[in-house]
Amino acid sequence: MNKVVLTAVISALLFGNAFAENTKVESAHIASPNQYELLLENQVVTVLKMTLKPGEQDNWHKHNAETVYFEKGGKATITTTEKDMTLEIPDGYVMWHDQWEHRVKNVGDTTITAIIVEKK
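An account of the accompanying structure is given in this report. Bear in mind the structure is a predicted one, so any value in this text is a computation, not a measurement. (Residues numbered from 1 in each chain as written. Predicted model: local features only at pLDDT ≥ 70, side-chain atom pairs only at ≥ 80, totals over all residues. Heavy atoms only, no water.)

1. Things to note about the overall build of the chain
Selection rule: Comment: elements are numbered from the N terminus, with helices defined as DSSP H or I runs of at least four residues and strands as E runs of at least two. We call a residue buried when its accessible area falls under 20% of the maximum for its residue type, exposed when it is over 50%, and partly exposed in between, using a 1.4 Å probe and counting protein chains only. Any two residues whose heavy atoms approach within 4.5 Å at even a single point are treated as in contact. Surface accessibility in these figures is a Shrake-Rupley result with a 1.4 Å probe; residues are shielded only by whichever protein chains are displayed.
In terms of helices and strands, the chain carries two helices and nine strands. Taken from N to C terminus, the helices and strands of the chain fall in the order α-α-β-β-β-β-β-β-β-β-β. Split into buried and exposed, the 120 residues of the chain put 41% on the buried side. Residue pairs in contact within the chain that sit at least 24 positions apart in sequence constitute 73% of those at least 6 positions apart. About 6,600 Å² of surface is accessible on the chain, with carbon and sulfur atoms providing 51% of the total.

2. Side note on the nonpolar core
Formally: We define the nonpolar core as a collection of buried residues of types Ala, Val, Leu, Ile, Met, Phe, Trp, Tyr and Cys that are connected through side-chain atoms lying within 4.5 Å of one another.
Counting residues in hydrophobic clusters, the biggest one holds 18 residues, and the most contacted among them are Y36, M50, V68, F70, I89, I112 and I116. The set of elements that each furnish at least two residues to this core consists of β2 (45-52), β4 (66-72), β5 (74-79), β6 (84-89), β8 (100-106) and β9 (112-119). Apart from the residues lying within four places of it in its own chain, the contact partners of I116 are Y36, T46, V47, L48, M50, H63, E66, T67 and V68.

3. Section: the pairing of β8
Selection rule: DSSP bridges decide pairing: two strands pair if at least two such bridges lie between them.
Counted residue by residue, β8 has five buried out of seven residues, so it is predominantly covered. Of the pairings in the sheet, the one linking strand β3 (residues 61-63) to β8 comprises three bridges and is antiparallel in character. Note on β8: the bridge partner recorded for H61 is H102. Sheet analysis places β5 next to β8, joined by four bridges and oriented antiparallel. By the bridge assignment, A76 is partnered in β8 with N106.

4. So, the pairing of β6
Both β5 and β6 contribute to a ladder of six bridges, which runs antiparallel. When the sheet's bridge partners are listed, I78 is paired in β6 with M85. In sequence, β5 turns back onto β6 through a hairpin of four residues.

5. Description of the side chain of T77
So the rule is basically this: As used in this structure description, the phrase polar contact means that two N or O atoms lie within 3.5 Å; if the pair is within protein, one of them must be able to donate a hydrogen and the other to accept it, and residues adjacent in sequence are counted only when both atoms belong to side chains.
Position of T77 among the secondary structure elements: in strand β5. The class for T77 is buried, based on a relative accessible area of 13%. Engagement of the side chain of T77 in a polar contact is seen with the side chain of T86, the distance being 2.8 Å. Residues contacting T77, with those up to four places away along its chain left out, are D84, M85, T86, R103, V104, K105 and V107.

6. Describing the sheet that holds β5
Cut-off, in case you're wondering: A fitted line through C-alpha atoms represents every axis, and for helices the fit uses only the stretch in contact; the resulting angles, taken between N-to-C directions, go from 0 to 180 degrees.
Sheet architecture is open: four strands sit in the order β3-β8-β5-β6, paired in antiparallel fashion. Edge positions in the sheet fall to β3 and β6, since each has one partner strand and no second. Neighbour to neighbour, the strand axes of the sheet diverge by 40° on average, direction disregarded.

Structure, rendered in structure tokens:
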């Protein structure tokens, strides 16, 4: 899957992903501390490192507007309230999108790592 198509697919996942208003959705590193390491937090950004081993899934969480750099890509299923989408993410892939809520499962056989920079 080329980068333009992958970006379009991920962007399509963002629509209709509002969780129930009375449900508190935590930031990724709070909801899934085993998969997200807090690298830096200040008044402007939160920087996280995500590590998902094969077969591992994080918990439902939210991100503010973010840029994601996949150090090591892989095969992942992204779940929003609207649908599940399985993607092949290449090493070195970079994406940006506005805030959203989701869950990610590594359905491949390699560890996926990414650096996430979220706007406060």
